Each structure stands twice: as structure tokens, then as C-alpha cells.
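Each chain is listed here by its residues.
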Amino acid sequence: MTVFHFTGIKGSGMSPLAQILFDAGEQVQGSDVEKYFFTEQPLRERNIPIYTFDADNIREGMTVIAGNAFPDDHPELTRAREIGVEIIRYHKFLGEYIGNYTSIAITGAHGKTSTTGLMAHVVGGYKPTSYLIGNGTGAGHENADFFVMEACEYRRHFLAYNPDYAVMTNIDFDHPDYFANIDDVYSAFQSLALQVKKAIIACGDDEQLQRIQAKVPVVYYGFGAENDFEARNVEKTTQGTTFDVFVRNEFYSTFFIPLFGDHAVLNTLAVITLCEYEGISPELIQERLHTYKGVKRRFTETRIGDNVLIDDYAHHPTEIRATIQSARQKFPERELVAIFQPHTFTRTQAFLQDFADSLSLADTAYLCDIFGSARETQGALSIQDLASLIEGSAVISTEGIEILTQHRGAVFLFMGAGDVHKFQDAFENVLKSNETA
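A brief look at the structure comes next. These numbers were taken from a predicted model, which means no experiment stands behind them. (Residues numbered from 1 in each chain as written. Predicted model: local features only at pLDDT ≥ 70, side-chain atom pairs only at ≥ 80, totals over all residues. Heavy atoms only, no water.)

## Points about helix H9 (residues 317-330)
Okay, step 1: For H9, spanning 14 residues, the distance from its first C-alpha to its last is 20 Å, which sits close to the expected 20 Å at 1.5 Å a residue.
Okay, step 2: For H9, the complete set of buried residues consists of Pro-317, Glu-319, Ile-320, Ala-322, Thr-323, Ile-324, Ser-326, Ala-327 and Gln-329. (Helix = DSSP H or I, 4+ residues; strand = E, 2+ residues; numbered from the N terminus. Expected span 1.5 Å × (residues − 1). Buried < 20%, exposed > 50% of the residue type's maximum accessible area, 1.4 Å probe, protein only.)

This is how it looks when you write it as C-alpha cells:
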């Protein structure tokens, strides 16, 4: 039996793939930097060996799965070539691996992770399902029928896949360091559409997705009456959301979800559409929706005293609006305090006014320094440029996190794709020490 060695095992896609192979009975190990990443926790729970990068990690008889962030001259990859060990890049391996299952690739500028988690949970109640979520979560089954996966459009990585189904939640301009404009983003999705084998499930409320051309059926879902699957009679409460689904104007069923915001209804509609296509009953769908607990870093709640802290990955103006809308639905009487850490200088620059407009929907906004990336460590603007556009906002640091305690019994929305968690951790420590004081 070969040993699968992951070069860069803590990556957001690499970690869940390693989990999947391990759960499916394979021998798995990997290497990465020493710094802690939350993606490594599920690896350690499985006792998967994690080493620091070292050419000596590579031995004959292995298969090396290489993360895309690592160049061909990385010491481990150089050693692998020297001793004749197969090297296969992450996306290529995954593209071949999903061919063993009924594969469901979920993509879109926003909503990928939430929809992938929900899809895996619902479909997993019907038949054994392996899944890969881009927040570092994965699970495998030796006898899986379905493979549900998050498929990212960045650098057109998802073109490594030829899935049975593609769920397309939306097309929006993001990743301005790579995509030139919205038409460039559309072209990437259009290319993927031509690789899908069975059907495309797409949000018909999205103007860009209405343009998609494919060799397979395109089934649309949304709030608009022209959609094949339409949500009507939406009722929002502090407990969740209830709505009726009509399939081509015929009543299908009523569903309740313990989720909040319009985007949650749309994500659920995507799952319902796929399930109906695969013959999964509405009764089973509803049963699974009731037991869904969400995914990491998507409106994840922590309560300390009468304060509610919410951890969310929102890092684009559209996502910030959705998170604030969800909080308004669930906590209509509470003050909403946004703590936002922009992710990458190019994105902050491209959407500066949009960020200001979306954050202004909160009652108060606090801003953290821009989180760079391996590709860009500095830019032409600073966090003050954003702060100047948001009335009453302030820039904070972890050392000055106590300023948040002036908002008593509020809902604190910690949003960002970088390390915004360190601000939440610092605030939690302050709240807990005040409780014991």
C-alpha cells in the first residue's frame, strides 16, 4: 500500500483531502510550516503525522500530493523526482479521484462553503457521502456513493474538475489580483459549465448565471418567478426561516431551516434542487435540514455573559451585507458591532467604497489592519483609507480590544478571511476576565 505524503498538508484544500483519504483507509502523512493553522486540528484528531518541510520526509514507494503554493524546486519535490516518486498536484489528484463517485462541485463567488456543508449533510442522510470543504473540513467513506466538494474559481483552479453536477451560486467580481473584470470571471464559469457531465444547478436570480451555456440541462433556482425551483412565502423569525418551494409553478413542499438571511434560503434551494434531481424525498431533505449545525467560520456563535460573538469568513462587501442581514434577523433588538479585517490590498483597493457602504449597515464599525498574503505584503493604501469613509468607525488593535466592552449586550461580528480570530480571542479573554473579576 502506498503512503500518500502531502507537501503543504495544512492548506485549506489539502487538509480535507488528507482527511478523506485517511478515512477511506489510506496511509497518509504530510509536512508544512511549524506555525499553527486551524486546518490542522482535524488532522491531529486523526493522528495523521505532520512533519516540518524536509527532503528526508520523502521515501521510495510514496505518492506525493503537492499543494499549488509550492514551486517545483521545493526540496521535497526535488527529492521526489531524484528517487522516482510520483508527484501529483492537488487539483489534478482531486480531479481524478472524484471520478470514482457521483460528484457534486459547488462553486460561486459567495456561498461555496456554506452550500457545500449543507449539501454534504443532506445528501449524506441519503447515501454514504465523502466531502471536501474549503474551510479545512473533510470526511471520507470507503463505500461512498457521492462526493461533495467546494470548487474555487480563483486562478481557474476548478477547471481541473469534470464533475457530474455543478452548483453555481453566483458570479461576482472578486480576486482582483487575478481576474481582470466581471467578464473574465464569467468566462471561467462558462469554461467549467462545458465540463459538467449531468446537470448544472444555478441561481437564476443572478444575471451572469442566466448567460451560462452548457451541453447538459441548466436548472435554475431562486426567488424570481421564472426559476424552475422558486422560493415563495418566506417567513423569517429569530428561530430560522420557513418557505414554500414551487417546482415549475407546482407546489413541491414547505421547508424550515434553522438559518438566517436570504442567502441561506438560496443555498438551501440549491440543495433541494439537486436532491430532487437525484430522487431524494422532501421528507428526508427536511429531516436533514433540521439537524444541520453549520460549518466553521460561517456565522459561528459564541456567547459570553449577555454578549454574542459571531465568527464569520465574510471578506467581500456582498458577504458582509449577508452576514449583517442574518444578524438583524436573529437578533433584531440588539446593537450590531462589526469588527472587520480586510483581506489583501488589491481587494481592499478594488472595493473600498463598497466595503464602506456594507459596513455602515452595522450600528458601529471597528477596523483591523489589512491582512496581506504571500503574494502581496503591502499596498498603496492603508486601513485609514477605509476608516475615513465610514462615519464613527475606529481602527483597533488586539492590545486595545477593551474598547469593545463599551457595547454592552451587543452582537459582535468578527469578519474577515485572514487572522481576525486573534481579535475575537483577545476580546473573549477580556470578557472572561471581567466575569471573574
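## Focus on the environment of Thr-364
Okay, step 1: Within the secondary structure, Thr-364 sits in strand E19 (residues 364-367).
Okay, step 2: The spacing of Thr-364 and Leu-336 is 28 residues in sequence and 6.8 Å in space, taken between C-alpha atoms.
Okay, step 3: Setting aside chain neighbours within four positions, we find Thr-364 in contact with Glu-335, Leu-336, Val-337, Ala-338 and His-407. (Contact = heavy atoms within 4.5 Å.)

## Here's the deal with the sheet that holds strand E18 (residues 336-341)
Okay, step 1: Strand order in the open sheet formed by six strands is E16-E17-E21-E18-E19-E20, and the pairing between neighbours is mixed. Two strands in the sheet have a free side with no partner beyond their single neighbour: strand E16 (300-304) and strand E20 (394-395).
Okay, step 2: Pairing analysis gives five bridges linking strand E17 (residues 307-312) to strand E21 (residues 411-416), with the strands arranged parallel. For Leu-309, the partnering residue across the bridge sits in E21 and is Phe-412.
Okay, step 3: On the sheet, helix H11 (residues 352-359) packs against E18, E19 and E21 and is oriented at approximately 155° with respect to E18. (Pairing = 2+ DSSP bridges. Axes fitted to C-alpha atoms, helices over the stretch in contact; angles between N-to-C directions.)

## Things to note about the pairing of E17
Okay, step 1: Of all six residues in E17, six are buried; the element is thus mostly enclosed.
Okay, step 2: The alternating pattern of E17 places Asn-307, Leu-309 and Asp-311 on one face and Val-308, Ile-310 and Asp-312 on the opposite face, and all of these are buried.
Okay, step 3: Taken together, the five bridges between E16 and E17 define a ladder with antiparallel strand orientation. Each residue of the ladder has a partner; that of Ile-304, found in E17, is Asn-307.

## Let's talk about the sheet that holds strand E7 (residues 129-133)
Okay, step 1: Strands sit in the order E8-E7-E9-E6-E10-E11-E12-E13-E14-E15 across an open sheet of 10 strands; the sheet is mixed. Here the strands that pair on one side only, and so sit at the sheet edges, are strand E8 (137-139) and strand E15 (250-257). Shown here is a sheet whose adjacent strand axes are inclined to one another by a mean of 15°, direction ignored.
Okay, step 2: Sheet topology places strand E6 (residues 102-107) next to strand E10 (residues 165-168); four bridges connect them, and they run parallel. The residue of E10 that forms the bridge with Ile-104 is Tyr-165.

## A short note on the nonpolar core
Within soluble globular proteins, side chains that are nonpolar tend to cluster in buried spots.
Okay, step 1: Counting 85 residues, the largest nonpolar core has Phe-6 and Met-168 as its most contacted members.
Okay, step 2: Among the elements that make up this core, the one with the highest residue count is helix H7 (residues 262-277) (nine residues).
Okay, step 3: For Phe-6, the contacting residues outside a window of four places in its chain are Met-14, Leu-17, Ala-18, Leu-21, Val-28, Gln-29, Gly-30, Ser-31 and Ile-65.
Okay, step 4: Membership of the second largest hydrophobic core comes to 29 residues, among which are Ile-310, Leu-336, Ala-356 and Leu-367. (Core = buried A, V, L, I, M, F, W, Y, C linked by side-chain atoms within 4.5 Å.)

## Some thoughts on the packing of helix H5 (residues 112-123) against helix H8 (residues 282-290)
Okay, step 1: The interhelical angle for the contact between H5 and H8, taken along N-to-C directions, is 125°, at an axis separation of 9 Å. Between H5 and H8, the angle falls in the class oblique. Here H5 runs over H8; the crossing is right-handed. Mapping the contact onto sequence places Leu-118, His-121 and Val-122 in H5 and Ile-285, Arg-288 and Leu-289 in H8.
Okay, step 2: Taken together, the residues of the contact of H5 with H8 sort by class into four nonpolar, one polar and one charged. (Parallel < 35°, antiparallel > 145°, perpendicular 65-115°, else oblique. Left-handed = near helix turned anticlockwise from the far one by under 90°. Nonpolar A, V, L, I, M, F, W, Y, C, P; charged D, E, K, R; others polar.)

## Looking at the environment of Gln-210
Okay, step 1: As for its placement among the helices and strands, Gln-210 is situated in the loop between strand E11 (199-203) and strand E12 (218-222).
Okay, step 2: The class of Gln-210 is partly exposed, set by a relative accessible area of 45%.
Okay, step 3: For the pair Gln-210 and Tyr-220, spaced 10 residues apart in sequence, the C-alpha to C-alpha distance is 8.5 Å.
Okay, step 4: Residues contacting Gln-210, with those up to four places away along its chain left out, are Gly-204, Tyr-220 and Glu-226.

## Side note on the packing of aromatic side chains
Okay, step 1: In the structure shown here, the tally under the stated rule is 19 aromatic pairs.
Okay, step 2: Between Tyr-154 and Tyr-178, the ring centres sit 6.0 Å apart and the planes meet at 70°, which makes this aromatic pair edge-to-face. Remark: Tyr-178 occurs in the loop between E10 and helix H6 (182-193) and Tyr-154 occurs in the loop between strand E9 (146-150) and E10; sequence separation between them is 24 residues.
Okay, step 3: Judged by relative accessible area, which is 10%, Tyr-154 ranks as buried.
Okay, step 4: The exposure class of Tyr-178 is partly exposed, given its relative accessible area of 27%.
Okay, step 5: Through successive ring pairs, a cluster of aromatic residues spans Phe-4, Phe-93, Tyr-97, Tyr-101 and Phe-147.
Okay, step 6: Between Arg-232 and the ring centre of Phe-246, over which it is positioned, the NZ or CZ distance is 3.8 Å. (Phe/Tyr/Trp six-rings, centres within 6.5 Å; stacked < 30°, edge-to-face > 60°. Lys NZ or Arg CZ within 6 Å of the ring centre and 35° of its normal.)

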